[in-house]
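Descriptive structure summary
So the chains spell out like this:
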Amino acid sequence: MGNAKPFCISQHDVWAAYTRVKANHGAAGVDGQSIEQFEEDLQNNLYRLWNRLCSGSYFPPPVRRVDIPKGDGQKRPLGIPTVADRVAQMVVQRYLEPIVEPLFHNDSYGYRPGRSAHQALSVARQRCWQYDWVLDLDIKSFFDTIDWELLLRAVRRHTECTWVLLYIERWLKAPVCMPDGTLAERNQGTPQGAVISPLLANLFLHYAFDRWMAEQHADIPFERYADDIICHCVSEVQARALRDALGQRLTQWYLELHPHKTTIVYCKDANRRGSYPEQRFDFLGYTFRPRSSKNRTGRLFVSFAPAVSAKAASAMRQRIRRWRLHQRNDLALEEIARWTRPMLQGWVNYYGRFYASALRRALRTLDAFLVRWAQRKYKRLRARNTLAWQWLWRVYARQPDLFAHWALVSTVRR
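Below you will find a few notes about this structure. Here the structure is a predicted model, which means the values were calculated and not measured.

With respect to the overall build of the protein chain
A tally of helices and strands in the protein chain yields 15 helices and 11 strands. Along the three orthogonal principal directions, the C-alpha set of the protein chain runs to about 75 × 60 × 40 Å. Relative to its full complement of 414 residues, the protein chain shows a buried share of 49%. In the protein chain, of all internal contacts separated by at least 6 residues, the share reaching a separation of at least 24 is 67%. Taking the 62 positively charged and 39 negatively charged side chains of the protein chain as two groups, their mean positions are separated by 11 Å.

Considerations on the pairing of strand 11 (residues 300-308)
Of the pairings in the sheet, the one linking strand 10 (residues 286-294) to strand 11 comprises 9 bridges and is antiparallel in character. Counterpart to serine 292 in the pairing with strand 11 is valine 302. Counting the residues that bridge the hairpin from strand 10 to strand 11 gives 5 residues, and of these glycine 298 lies at a positive phi of roughly 90°.

Quick notes on the sheet that holds strand 6 (residues 222-225)
Judged by pairing direction, the sheet is antiparallel, and its 4 strands sit side by side in the order 6-7-3-8 without closing on themselves. A strand with exactly one partner marks an edge of an open sheet, and here the two such strands are strand 6 and strand 8 (263-266). The average undirected angle you get between the axes of adjacent strands in this sheet is 15°. Alignment of strand 6 against strand 7 (residues 228-233), held across 4 bridges, turns out to be antiparallel.

Section: the packing of helix 3 (residues 42-55) against helix 4 (residues 83-100)
To characterise two packed helices, one gives the angle between the axes of the helices and the distance between these axes. Running from N to C, helix 3 and helix 4 cross one another at 50°; their axes reach a closest spacing of 11 Å. As the angle between them shows, helix 3 and helix 4 are arranged oblique. Viewed along their axes, helix 3 and helix 4 form a crossing whose handedness is right-handed. For the pair helix 3 and helix 4, the contacting residues are Leu46, Leu49 and Leu53 in the first and Ala84, Val87, Ala88 and Val91 in the second.

Some details on the sheet that holds strand 9 (residues 281-283)
As summarised here, the arrangement of the 3 strands in space is 9-10-11, forming an open sheet in which the pairing is antiparallel. In this open sheet, the two strands that pair with only one neighbour each are strand 9 and strand 11. Strand-to-strand twist in this sheet, taken as the mean axis angle between neighbours without regard to direction, amounts to 50°. In this fold helix 11 (residues 310-323) packs onto strand 9, strand 10 and strand 11, with an angle of close to 55° to the strand it touches most, strand 11.

Some details on a positive patch on the surface
On the surface, a cluster of positive charge is made up of Arg324, Arg372, Arg376, Lys379 and Arg382. Checked against the element boundaries, arginine 376 lands in helix 14 (residues 364-377). Residue arginine 376 is classed as partly exposed on the basis of its relative accessible area, which comes to 43%.

Quick word on the side chain of histidine 326
Topologically, histidine 326 is positioned in the loop between helix 11 and helix 12 (333-351). Residue classification places histidine 326 among the buried residues on the basis of a relative accessible area of 7%. When near neighbours in sequence (up to four residues on either side) are disregarded, histidine 326 contacts Phe369, Arg372, Trp373 and Arg376.

Quick word on helix 9 (residues 197-216)
Along its 20 residues, helix 9 runs 27 Å from first to last C-alpha, staying within 8% of the 28 Å computed at 1.5 Å per residue. Of all bends in helix 9, the biggest is about 50°, found at histidine 206. Counted residue by residue, helix 9 has 16 buried out of 20 residues, so it is predominantly covered.

Re the environment of threonine 262
When you line up the elements, threonine 262 lands in the loop between helix 10 (236-252) and strand 8. Assessed through its relative accessible area of 8%, threonine 262 is described here as buried. Sequence separation between threonine 262 and isoleucine 139 is 123 residues; the distance between their C-alpha atoms is 8.0 Å. With residues up to four places along the chain from it excluded, the contact list for threonine 262 reads Leu135, Asp136, Leu137, Asp138, Arg243 and Leu257. Polar side-chain contacts of threonine 262 include one of 3.0 Å to the backbone oxygen of histidine 258.

Concerning the packing of aromatic side chains
In total, this model carries 28 aromatic pairs according to the counting rule given. Seen from their ring centres, tryptophan 133 and tyrosine 276 are 5.0 Å apart, and the 85° between their planes marks the pair as edge-to-face. A residue pair is termed long-range when its members are at least 10 positions apart, and tryptophan 133 in strand 3 (residues 133-138) and tyrosine 276 in the loop between strand 8 and strand 9 qualify at 143 residues. Using a relative accessible area of 10% as the deciding quantity, one classes tryptophan 133 as buried. Classification of tyrosine 276 by relative accessible area gives buried; the value is 17%. Put simply, the rings of Phe7, Tyr58, Tyr167 and Trp171 touch in pairs and so form one group of aromatic residues.

About the cut-offs
- Residues numbered from 1 in each chain as written.
- Predicted model: local features only at pLDDT ≥ 70, side-chain atom pairs only at ≥ 80, totals over all residues.
- Heavy atoms only, no water.
- Helix = DSSP H or I, 4+ residues; strand = E, 2+ residues; numbered from the N terminus.
- Buried < 20%, exposed > 50% of the residue type's maximum accessible area, 1.4 Å probe, protein only.
- Contact = heavy atoms within 4.5 Å.
- Lys, Arg positive; Asp, Glu negative; His and termini not counted.
- Charge placed at Lys NZ, Arg CZ, Asp CG, Glu CD.
- Pairing = 2+ DSSP bridges.
- Axes fitted to C-alpha atoms, helices over the stretch in contact; angles between N-to-C directions.
- Parallel < 35°, antiparallel > 145°, perpendicular 65-115°, else oblique.
- Left-handed = near helix turned anticlockwise from the far one by under 90°.
- Patch = residues over 30% accessible without salt bridge, like charges linked within 9 Å, V, L, I, M, F, W, Y side chains within 5 Å.
- Areas by Shrake-Rupley, 256 points an atom, 1.4 Å probe, with all protein chains shown as cover.
- Salt bridge = Lys/Arg side-chain N within 4 Å of Asp/Glu carboxyl O.
- Expected span 1.5 Å × (residues − 1).
- Bend = angle between axes of the 7 residues up to and from the residue.
- Polar contact = N/O pair within 3.5 Å; in protein donor to acceptor, adjacent residues only side chain to side chain.
- Phe/Tyr/Trp six-rings, centres within 6.5 Å; stacked < 30°, edge-to-face > 60°.

Right, here's the structure in full:
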């Protein structure tokens, strides 16, 4: 049956793509169909998708636009494809990724197998101790301004597969369904939220940035996670020269450095004299800045180190407030712990890796809500706030693993 089709795509490839999409979860697209609803007629849905992909008759539906609030009050536009479209994109990603992945730069960490944000943060921390200066790059509206012609040219350098090129072009040109229901045509960019977008973005920046840095500035190390990039320089002069050169380089790729968010930072610590207006930067949800630390003998010194950023901490506190735990007297404490554990554990796993005491302070908001919950739950604790905190401390002493963030050590102390 497959031999009669113009494109040779196996049913196994479609099934494998579906299992990846299911594992990643995700919201419904413009058709309102969830993964669970897609599974109600799974065999037929996957067969129809495979048939259309093989025949060349697959055209992606519009991408549903969702605006996600950012820490600076602005919103980040995400494009949510339908479940079937995510499966189709995953088929192409699984074909293309093994081809381009071995070519990518060692200091590129975003959305790559076997690599993580923590690896990028760990390398960045080490290099901030070795290099005095950082150029913190911000590419203005990167995902929304990727040039299609240059991107497709980069893809063609690595594959001549007709159906891969065909469907990538169709995904790039798919309209966006705005929140009010109107369709918006696009002529550049690739939607954040699309399955194929991270791989395409990495390939684009591989040529626009990574290879250029390796060829023209091999002495300047960097860490890149998608479009989040920092470069390590030996002097302010070198950082300024790199910023100017990068501005010209990215212009050739129809990209632009954000004039206000691209900054030169002095990595101030106990051994570095002098000063500079900028002594901190944010990278992957962490803020790097001078911090009080202890050496192996227990003596305090100033280190340039990462900890959970103020934006991330504020977002966590806002999320905790929206839980309104103090009003959930219908729940037992153990039920609250089970309910909050997935979110808390995720925060601890990610933001507790470096300088965990900063995360401990951020999550004291939850302990305050637990105290308020206890005061409404138990009459004997209502009169004095101190008694409620003492109650919480006793709970911690008996069950230190009850709440995921209590693993950060004595987090409930006042």
